[in-house]
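Coordinates in review
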Amino acid sequence: MPAVSFQNVSKTFATARGELHALKGVSFDIEPGEFFGLLGPNGAGKTTLISILAGLSRASSGRVLVHGADVQSDFAQARRSLGVVPQELVFDPFFNVREALRFQSGYFGIQRNDDWIDELLAGLGLADKANANMRQLSGGMKRRVLVAQALVHKPPVIVLDEPTAGVDVELRQTLWAFVSRLNKQGSTVLLTTHYLEEAEALCHRIAMLKLGQVVALDKTSELLKRAVATQLCFKTDQALPPALAAQARVTGRVVRLPAQDAVAVERLLAQLREQGIAIEDIEIRKADLEDVFLDLMSGHQEASA
Ligand SMILES: Nc1ncnc2c1ncn2[C@@H]1O[C@H](COP(=O)(O)OP(=O)(O)OP(=O)(O)O)[C@@H](O)[C@H]1O
């Protein structure tokens, strides 16, 4: 039985401009123990899908099951299997950290949960903050408490909705070390993130959403094979000739051009030289998930899911 099963999920919002189809028949399963990534540009429908999974919003049609429990008709059972770390910082300012976690345990009917609470606090680098009031914590610390709150009932499925947006490197590393440990111990993880290098490093499989539809769904290693294997990268202050600009990915002064092999690299360098373009910091690099993502989102690749 899948850990999570999205079955033909659609969601339509009534807006001032008419109907907005945020999700259009999304179907995929996440297997128990998987570390699964859900990627897509702003507005693709990721948060809408997670909200339906978490029971915070209802699908217009289709079903979502968590370990076989329907998130609408069997909400309590589905909710017990889920630990959802929300995007926004919501917390009760009157509790200290331990109290907040005890309160959350009580919500799930769990008493005497302090051993696990201590483990969560240690794993998330919060051990010395157990008695601190929530109001006194920095934004990053509050985010750690949100993660602990989501995990207080030891859910088999952990859902992280952009958990590292705007947080510092240390928290990202603490969070990933802890979540990876839980995943190795058998937890299923569903992650949405805009940090593609995180998704590449962590996720076994990835679904890419675009305008409410799944446009790619594959093992991370297979997705990476779709990109042109290597690229020529360099920096320049000059504009590229149109023929090269058409195939280039430019970020500020940094230019990336697809180049399959050494001959292609030589050809590109010759073209640049002929055009009198001064370049520096030349490097040959392997394509990464960002390349695949950008390709798919710009419609260069065939949708295959
Ligand atoms: N309550 C709502 N009412 C109307 N439209 C909505 C509502 N919630 C979301 N939408 C629209 O649905 C679409 C999908 O939004 P969603 O927040 O799921 O995208 P996302 O992939 O999570 O984006 P982001 O990466 O920016 O968080 C967008 O066009 C959004 O404007």
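Since the model is a prediction, treat every value here as computed from it, not as a measurement.

1. Some thoughts on the domain arrangement of the chain
- By the assigned domains, the chain splits into domain 1 (4–81 + 155–223), domain 2 (93–153) and domain 3 (228–286).
- Inter-centroid distance (C-alpha atoms) of domain 1 to domain 2 is 24 Å.
- Taken together, the contact between domain 1 and domain 2 spans 10 residues of the former and 10 residues of the latter.
- Broken down by element, the side of domain 1 that touches domain 2 gets its largest block of residues, 4 residues, from helix α6 (residues 169–184).
- Looking at the side of domain 1 that touches domain 2 residue by residue, the classes come out as 7 nonpolar, 1 polar and 2 charged.

2. Some remarks on the site of the ligand
- Within the structure, the ligand sits among Phe13, Thr15, Leu20, Ala22, Gly40, Asn42, Gly43, Ala44, Gly45, Lys46, Thr47 and Thr48.
- Looking at the shell around the ligand, the elements with two or more residues in it are β1 (4–15), β2 (18–30) and α1 (46–53).
- Residue contributions to the shell around the ligand peak at 3 residues, all from α1.
- Its residues placed into classes, the shell around the ligand shows 4 nonpolar, 7 polar and 1 charged.

3. Structural notes on the pairing of strand β8 (residues 188–192)
- A large share of β8 lies buried, amounting to 5 of its 5 residues.
- In β8, alternate side chains face the same way, and those of Thr188, Leu190 and Thr192 on one face and Val189 and Leu191 on the other are all buried.
- The pairing of strand β3 (residues 35–39) with β8 spans 4 bridges and is classified as parallel. Looking across to β8, one finds that Leu38 is bridged to Thr192.
- Sheet analysis places strand β7 (residues 157–161) next to β8, joined by 5 bridges and oriented parallel. Bridging across to β8, Leu160 finds its partner in Leu191.

4. Some thoughts on helix α3 (residues 97–107)
- Taken as a whole, α3 has its buried residues at Val97, Ala100, Leu101 and Gln104. Each buried residue of α3 sits inside an arc of 95° when the element is viewed along its axis, so together they form one side.
- At the exit of α3 stands Gly109, carrying a positive phi of roughly 70°.

5. Focus: the nonpolar core
- Ala148, Val159 and Leu190 are the most contacted members of the largest nonpolar core, which totals 67 residues.
- Looking at which element gives the most residues to this core, the answer is helix α5 (residues 139–151), with 6 residues.
- Each of domain 1 (4–81 + 155–223) and domain 2 (93–153) contributes no fewer than three residues to this core.
- Beyond its immediate chain neighbours, meaning those up to four positions away, Val159 contacts Ile50, Leu53, Ala54, Leu82, Gly83, Val84, Val85 and Leu190.

6. Remarks on the sheet that holds β2
- Spatially, the 4 strands line up as an open sheet ordered β2-β1-β4-β5, and their pairing is antiparallel. A single partner strand is all that each edge strand has here, and the edge strands are β2 and β5 (69–70).
- Sheet analysis places β1 next to β2, joined by 9 bridges and oriented antiparallel. Paired with Ala14 across the bridge in β2 is Glu19.
- Running at roughly 115° to β1, α1 makes contact with β1, β2 and β4 (61–66) of the sheet.

7. Some words on the packing of α3 against α5
- At a minimum axis distance of 9 Å, the contact between α3 and α5 shows a crossing angle of 25°. Looking at the two axes, α3 sits roughly parallel to α5. Judged by the sense of rotation from one axis to the other, the crossing of α3 with α5 is right-handed. Here Val97, Ala100, Leu101 and Gln104 of α3 come into contact with α5, specifically with Val145, Ala148 and Gln149.
- Looking at side-chain class alone, the contact of α3 with α5 contains 5 nonpolar, 2 polar and no charged residues.

The rules behind the values
- Residues numbered from 1 in each chain as written.
- Predicted model: local features only at pLDDT ≥ 70, side-chain atom pairs only at ≥ 80, totals over all residues.
- Domains from an automatic or database assignment.
- Contact = placed C-beta atoms within 7 Å.
- Helix = DSSP H or I, 4+ residues; strand = E, 2+ residues; numbered from the N terminus.
- Nonpolar A, V, L, I, M, F, W, Y, C, P; charged D, E, K, R; others polar.
- Near = placed C-beta within 6 Å.
- Buried ≥ 20, exposed ≤ 12 C-beta atoms within 10 Å, placed from the backbone.
- Pairing = 2+ DSSP bridges.
- Arc of directions from axis to C-beta.
- Core = buried A, V, L, I, M, F, W, Y, C linked by C-beta atoms within 7 Å.
- Axes fitted to C-alpha atoms, helices over the stretch in contact; angles between N-to-C directions.
- Parallel < 35°, antiparallel > 145°, perpendicular 65-115°, else oblique.
- Left-handed = near helix turned anticlockwise from the far one by under 90°.

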